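Summary of structural features
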Amino acid sequence: MVFWARPRPAPPADRAAPGSAAAPPGDQFTGPRRLAADQARPAPSAPALSEQERLDEARLVEALMSMRRREGTPFVEGTPPAGTEMLRRPAAPAGPAGGGPPADPPADPPTVPFEVRPARPARPAAGTSAGGERPAAAAPRAGADLGLVLDDVRDPFHDWPAPRDRWASPRELAGRLPTLARAHRVLLALLVPALLLRILTVVAYRTAFEFYGDSYAYLKIARTLRPGATRPGGYPLLLALLSPTGELWVVTVVQHLAGIGIGIGVYALLTHRGLPRWLAAVGAAPVLLDAYQVVLEQFVMAETMFSALLVGAVIALTWSRRPSARSCAVAGFLLALATATRTVGVEIGVLAFLYLVARRVGGRRLLAFGGALALSLLAYALWFLSSTGEFALSGSSAPFLYGRVAPIANCARLDLTFEQSLLCSPHPASVRPDPNYYVWSLSSPLVTAGITRSQQDKVFGGFAKKVIADQPGDYARLVAGDLLHYFAPGRWVGTRDWPVGSWQFPAGHRPPTFWHVTMPLQGFSGDIEQRNSPGALGTVLHTYQRVGYLPGPGFAVAALIALGGPLAARRRRAADRSGRLDRWSHTVAPPERPAGADCVLLITVGLMLLLLPAATVCFDYRYALPLLVLFPPAAALGWHQWRGTAPVVARPVSQGPAVADPVIERERTDRTRISPAW
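Note that the structure is a prediction, hence the values are computed from the model and not measured. (Residues numbered from 1 in each chain as written. Predicted model: local features only at pLDDT ≥ 70, side-chain atom pairs only at ≥ 80, totals over all residues. Heavy atoms only, no water.)

1. Digging into the overall build of the protein
For the record, the criterion: Labels follow the DSSP assignment, with helices taken as runs of H or I lasting at least four residues and strands as runs of E lasting at least two, numbered in each case from the N terminus. Exposed residues in this analysis have more than 50% of their type's maximum accessible area, buried residues have under 20%, and partly exposed residues fall in between, with area computed by a 1.4 Å probe over protein chains only. Note on contacts: a residue pair is in contact if any heavy atoms of the two residues lie within 4.5 Å. Under the convention used here, a 1.4 Å probe and the Shrake-Rupley method define accessible areas, while residue burial counts only the protein chains that appear.
Summing up its helical and strand segments, the protein has 25 helices and six strands in all. Residues counted as buried form 48% of the 678 residues belonging to the protein. Taking as baseline every contact in the protein between residues at least 6 positions apart, the subset at least 24 positions apart corresponds to 79%. In the form shown here, the protein has an accessible surface area of approximately 32400 Å², with 63% of it arising from carbon and sulfur atoms.

Here's what the structure looks like:
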């Protein structure tokens, strides 16, 4: 797209004033009808401008529109002189040799040309009396005194397209498929290998992977519809819906389709926010192609459902400039479902509420979000009460916190009760096992101490709190080390970390050594099912997983771009407001809506998903996978804020001969809106 300016041609001497008896046909109209009447009038050619002049005009148009949308901000020097029109059209081929105006755009341009022009004087509406009298006009919109048509200048990524009188027929939709495929060819280039990767996984590892403990508990809850004390009941509801099929491979297929849908949803959000399609595809690529993500989709576990609900809530909150009350309620409900899937959703709900408060969306929207979240969680707490007798969202987390601090506890320095002293590890500090031993092993002090369930919070929780209070430095180093471990290169684990092999494709030539291939495969009804041998496909997938993932430094770079991009854009906007425009920069004003709050929300949620397990459970690469749907999209938004260009959206410029077809005529005269980019 290029911009240029051309002086408005003076009206012919023989052209009468608008509304007079001698006025040409169509001068009595205004708005869309005026555009239709002007179609037969050829527009004068624009003079040829140099590339630098076009860039200057582009920056000027962006600056004018950006400043005018900010209430009370005056224009800087460089306001175009009276009688100047700013046009935006598809790049036209160069003019004839020796100079001259550029060639006219093609008859059927791929995009609608736009115009920003001084407002025309009001003309009598159609059907006025012979004397030219007309009803009192509505008050002019803000900005009319500046001589600019501002009512058609819209946010490029928050207004829906103009409503249609009828739905497109299947034949029309089929005719648009080639155009959509060409427009979104980068996304299609990602979807093809993503689908192939998932198809190979389903075929090679039919029926499913199961994680001993978690998967068994989810299947049991799905049969009884009674949530457990340690595993929430949200994911088992999905299993219960799919249980009539009697086939676990149906669960994996649904989760693989959800993984594809997550990638498409991220791409749709980013393109809707005005990002270039290639950049939106970059933001969606990790979740589509990461091998560890595909492995988790093959598991009978809650991670894929949690990621899908999280992405849905993010889309509902960040899709519009100011989310509606309905969108806020949908986001609250989805985060409540995410909490019923993984209890960390409670903290995400708090962060989302603070995000809405910071964006000043209003009390009605805050009430809708908070009400939907609270009522949904209340309903789940009542269900949990009917099953366990406790009014809560989950059972006690004290045993997990005890397992986290037991490897570093120095009982000689602690003032412990008798029950708490039974929890001290008998192993020397240098050879103590990992946290999972203290939580799940039958020889762990947690089991041998004989503490009843009603005393867990008092005994286990009290022991853990005393260790943290007496050894804050040791505990902080433990948590910080695991948190930084997620951003380290490669995939490696220590002696106290959960084995990474649990989340890798088993190769056909390797002996099974992890739970998802050694423990019995349990079906919906509790019976044991047979596993397929992966054969050569397993070797291919295992080889791909060695390189097909987003490493830790990639997450770190994404976080830096997400947080640094909006800061750089903010400094540039401050310079633009003071009139210090960068003459030599080819980028113009960033989008009117800054994405800094959105980037902070995504990065903060991602860090929360890493920090809580590091502080209460152990290091496990499984907890880093939701970052694939948070950090890359945030980095794309931050990059676009830093280097992006905000399109100017204004009314269409009428061109070409008059068309009699009413559908085409209506589409010509409809107000132009860019959103979404589908």
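Back to the text.
2. Examining empty space enclosed by the protein
Unoccupied space between atoms shows up once a probe the size of one water molecule is rolled over them. The line we're drawing: Computed over the protein atoms alone on a 1 Å grid, cavities are sets of points where a 1.4 Å probe fits but cannot get out and pockets are open sets with protein on both sides within 12 Å along at least five of seven lines; a residue lines them when it has an atom within 4 Å of a point. Grid points are joined across faces, edges and corners, and a volume is the space filled by probe spheres set on the points. Each residue is assigned to one of three groups, with Ala, Val, Leu, Ile, Met, Phe, Trp, Tyr, Cys and Pro labelled nonpolar, Asp, Glu, Lys and Arg labelled charged, and all others, Gly among them, labelled polar.
One pass over the full model with this rule turns up six cavities of 30 Å³ or more. Space inside the largest cavity adds up to approximately 100 Å³. Lining the largest cavity are 14 residues, and of these L269, V314, L602, V629 and P633 lie nearest its centre. Of all the secondary structure elements, the ones that give two or more residues to the lining of the largest cavity are helix 7 (248–272), helix 10 (303–318), helix 23 (596–616) and helix 24 (631–643). Per-element accounting of the lining of the largest cavity gives the leading share, five residues, to helix 10. For the lining of the largest cavity, the residue count by class is 11 nonpolar, one polar and two charged. Considering only enclosed or pocket space, the second largest cavity measures out at about 70 Å³ in volume. Lining the second largest cavity, in full, are L310, A313, V314, L317, L335, I348, A352, L601, L602, V605 and L630. Those elements giving two or more residues to the lining of the second largest cavity turn out to be helix 10, helix 12 (345–359) and helix 23.

3. Quick look at the environment of P323
In this structure, P323 sits in the loop between helix 10 and helix 11 (325–341). On the accessibility criterion, P323 (0% relative accessible area) is buried. Taking the C-alpha atoms as reference points, P323 and R365, separated by 42 residues in sequence, lie 7.8 Å from one another. Among all residues touching P323, those that are not within four sequence positions of it are A316, L317, C328, L356, R359, V361 and R365.

4. Regarding the confidence of the model for the protein
Put simply, the test is: Scored between 0 and 100, pLDDT is the confidence that the predictor attaches to each residue.
Across the protein, the average pLDDT comes to 76, with 65% of residues at 70 or higher. Across residues 105–165 the pLDDT falls below 50, and counting only partners more than four positions away or on other chains, this stretch makes 133 contacts in the model.

5. Regarding the packing of helix 4 (residues 185–204) against helix 21 (residues 535–545)
Selection criterion: Interaxial angle, 0 to 180 degrees, is taken between N-to-C directions of lines fitted to C-alpha atoms, where a helix line uses only the stretch in contact. Between 65 and 115 degrees an angle is taken as roughly perpendicular, under 35 as roughly parallel, over 145 as roughly antiparallel, and anywhere else as oblique. Left-handed describes a crossing in which the near helix is turned anticlockwise from the far one by less than a right angle; the clockwise case is right-handed.
Interaxial distance between helix 4 and helix 21 falls to 10 Å at its minimum, and their mutual angle equals 135 degrees. Comparing the axis directions of helix 4 and helix 21 gives the class oblique. Crossing handedness for the pair helix 4 and helix 21: left-handed. Residues L197, L200, T201, V203 and A204 of helix 4 pack against L537, G538, L541 and Y544 of helix 21. Here the residues of the contact of helix 4 with helix 21 are counted per class, giving seven nonpolar, two polar and no charged.

6. Regarding the nonpolar core
For soluble globular proteins, the rule of thumb is that nonpolar side chains tend to be buried together. Condition: For this analysis, a nonpolar core means a set of buried residues of the types Ala, Val, Leu, Ile, Met, Phe, Trp, Tyr and Cys, connected via side-chain atoms within 4.5 Å.
With 108 residues, the main nonpolar core has L239, F369, L630 and F631 as its most contacted residues. Judged by nonpolar contacts, the second largest core, of 25 residues, contains L401, L416, L423 and V459.

7. Some words on the side chain of T252
Filter applied, for reference: Two N or O atoms count as a polar contact when they lie within 3.5 Å, although within protein this holds only if one can serve as hydrogen donor and the other as acceptor, and sequence-adjacent residues are included solely when both atoms are side-chain atoms.
Examined against the element boundaries, T252 turns out to sit in helix 7. Classification of T252 by relative accessible area gives buried; the value is 0%. In this structure the side chain of T252 is engaged in a polar contact, spanning 2.7 Å, whose partner is the backbone oxygen of W249. The residues contacting T252, other than those within four sequence positions of it, are T207, A208, E297 and Q298.

8. Here's the deal with unusual backbone geometry
A cis geometry characterises the amide bond from R206 onward to T207, with omega recorded as 25 degrees. Mapped onto the elements, T207 comes out in the loop between helix 4 and helix 5 (214–224). Although it is not a glycine, L225 sits at a positive phi angle of roughly 55 degrees. Looking at the secondary structure, you find L225 in the loop between helix 5 and helix 6 (234–242). Taking the relative accessible area as the measure of exposure, L225 reaches 43% and is therefore partly exposed. With phi around 55 degrees, R360 is a residue other than glycine that occupies positive phi space. Residue placement: R360 occurs in the loop between helix 12 and helix 13 (363–388).

9. Remarks on the packing of aromatic side chains
Aromatic ring pairs are described here by two measures, namely the spacing of the ring centres and the angle between the planes. The cut-off we apply is this: Stacked, tilted and edge-to-face are the three classes assigned to paired rings of Phe, Tyr and Trp, where Trp is represented by its six-membered ring and a pair needs centres within 6.5 Å; plane angles under 30 degrees give stacked, over 60 edge-to-face, the rest tilted. Ring-over charges, as used throughout, are those where CZ of Arg or NZ of Lys falls within 6 Å of the ring centre and within 35 degrees of the ring normal.
Evaluation of the coordinates by the stated rule reveals 21 aromatic pairs. A ring pair is formed by Y486 and F619, whose centres lie 4.5 Å apart and whose planes are at 35 degrees; its orientation type is tilted. In this pair, Y486 sits in the loop between helix 19 (472–485) and helix 20 (515–518) while F619 sits in the loop between helix 23 and helix 24, placing the two residues 133 residues apart along the sequence. There is no split in this pair, since Y486 and F619 are both buried. In this structure an aromatic cluster arises from ring pairing among Y205, F209, F211, F299, W498, W503 and F505. The positively charged end of R342 is found above the aromatic ring belonging to F306, 5.0 Å away from the centroid.

10. So, the layout of surface pockets
The space that makes up the second largest pocket amounts to roughly 1300 Å³. Lining the second largest pocket are 42 residues; nearest its centre among them are T230, T343, F400, V617 and Y623. Per element, the largest residue contribution to the lining of the second largest pocket is five residues, and it comes from helix 14 (residues 398–405). For the lining of the second largest pocket, the residue count by class is 23 nonpolar, 11 polar and eight charged.

11. Quick look at the environment of T318
Of note, T318 is situated in helix 10. Between the C-alpha atom of T318 and that of D598, which follows or precedes it by 280 residues, the distance is 6.9 Å.

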